[in-house]
Amino acid sequence: MSILLIANEIKTFTVAQAYFGFLGFHAGRGLLFCFLGCLVMNPTPFNVIVSIITCTVGLGYLILSFLPQMPPPNAFCVHWQHHQDFWAEGLDLPPPPSAAPPPPSMTNAITVTPPHPSTWHPKVRY
């Protein structure tokens, strides 16, 4: 079952959309993860750790279901395609300006070099 859930996270199949439509909602995924976390609960330490992690992920999905601005969960392939479309259209942000100082103006024949940063003081103008 876990292998099928992992495969569904990578690429959503039409069979999963038809028969397991609740996986397309945060609340459906959250309840499924909580259910699976309760099924795995056992006194052995490994099972306790796995069930705690699974129930925590399920509660996270349930919390996300109450946020109206959250889009429905998609498979990794859909997110990857959106990422490729975003970068292909040139919508990325411009690179930040470099931290290099601007070139000195050529109006004066004398060039003044600024003092070393360790000797800089806000009241001294160079």
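Residues numbered from 1 in each chain as written. Predicted model: local features only at pLDDT ≥ 70, side-chain atom pairs only at ≥ 80, totals over all residues. Heavy atoms only, no water.

Secondary structure summary: the chain contains 5 helices and 0 strands in total. Tracing the chain from N to C terminus, the helices and strands come up as α-α-α-α-α. Here the chain holds 126 residues, and the buried ones make up 17% of them. Counting only contacts in the chain whose residues sit at least 6 apart along the sequence, the fraction spanning at least 24 positions is 58%. Total accessible area computed for the chain in this model is approximately 10,600 Å², and 73% of it derives from carbon and sulfur atoms. (Helix = DSSP H or I, 4+ residues; strand = E, 2+ residues; numbered from the N terminus. Buried < 20%, exposed > 50% of the residue type's maximum accessible area, 1.4 Å probe, protein only. Contact = heavy atoms within 4.5 Å. Areas by Shrake-Rupley, 256 points an atom, 1.4 Å probe, with all protein chains shown as cover.)

This next bit is on helix α4 (residues 45-65). Taking 1.5 Å of rise per residue, 21 residues should cover 30 Å, and α4 covers 30 Å from first to last C-alpha, within 8% of that figure. Those residues of α4 that fall on the buried side of the exposure criterion are Asn47, Ser51, Thr54, Cys55, Gly58, Tyr61 and Leu62. An end-on view of α4 places all buried positions within 115 degrees of arc, on one side of the element. In α4, those exposed residues whose orientation departs by more than 90 degrees from the buried face are Pro45, Phe46, Ile49, Ile53 and Ile63. (Expected span 1.5 Å × (residues − 1). Arc of directions from axis to C-beta.)

In the numbering adopted here, UniProt assigns the feature "transmembrane region" (unreviewed entry) to residues 20-41 and 48-67. Between the C-alpha atoms that bound residues 20-41 there is a distance of 24 Å. The span itself is 68% helix and 0% strand. A distance of 29 Å separates the end C-alpha atoms of residues 48-67, which is 90% helix and 0% strand. (UniProt positions renumbered as here; feature names shortened; annotations may be inferred.)

Looking now at the side chain of Ser51. You can see Ser51 is positioned in helix α4. Judged by relative accessible area, Ser51 falls into the buried class, the value being 0%. If near-sequence neighbours (up to four positions away) are discounted, Ser51 is found in contact with Gly37, Val40 and Met41.

This paragraph deals with a nonpolar patch on the surface. Together, Phe13, Val15, Tyr19, Phe20 and Phe22 make up an exposed nonpolar region whose accessible area comes to about 570 Å². Classification of Phe13 as partly exposed rests on a relative accessible area of 42%. (Patch = residues over 30% accessible without salt bridge, like charges linked within 9 Å, V, L, I, M, F, W, Y side chains within 5 Å. Salt bridge = Lys/Arg side-chain N within 4 Å of Asp/Glu carboxyl O.)

Right, let's get into the packing of aromatic side chains. This model, assessed by the stated rule, comprises 2 aromatic pairs. Seen from their ring centres, Phe20 and Phe22 are 6.2 Å apart, and the 90 degrees between their planes marks the pair as edge-to-face. Measuring from centroid to centroid gives 5.8 Å for Phe33 and Tyr61, while their planes differ by 25 degrees, and the two rings are stacked. Highlighted residues: Phe33 in helix α3 (residues 26-40) and Tyr61 in helix α4, separated in sequence by 28 residues. (Phe/Tyr/Trp six-rings, centres within 6.5 Å; stacked < 30°, edge-to-face > 60°.)

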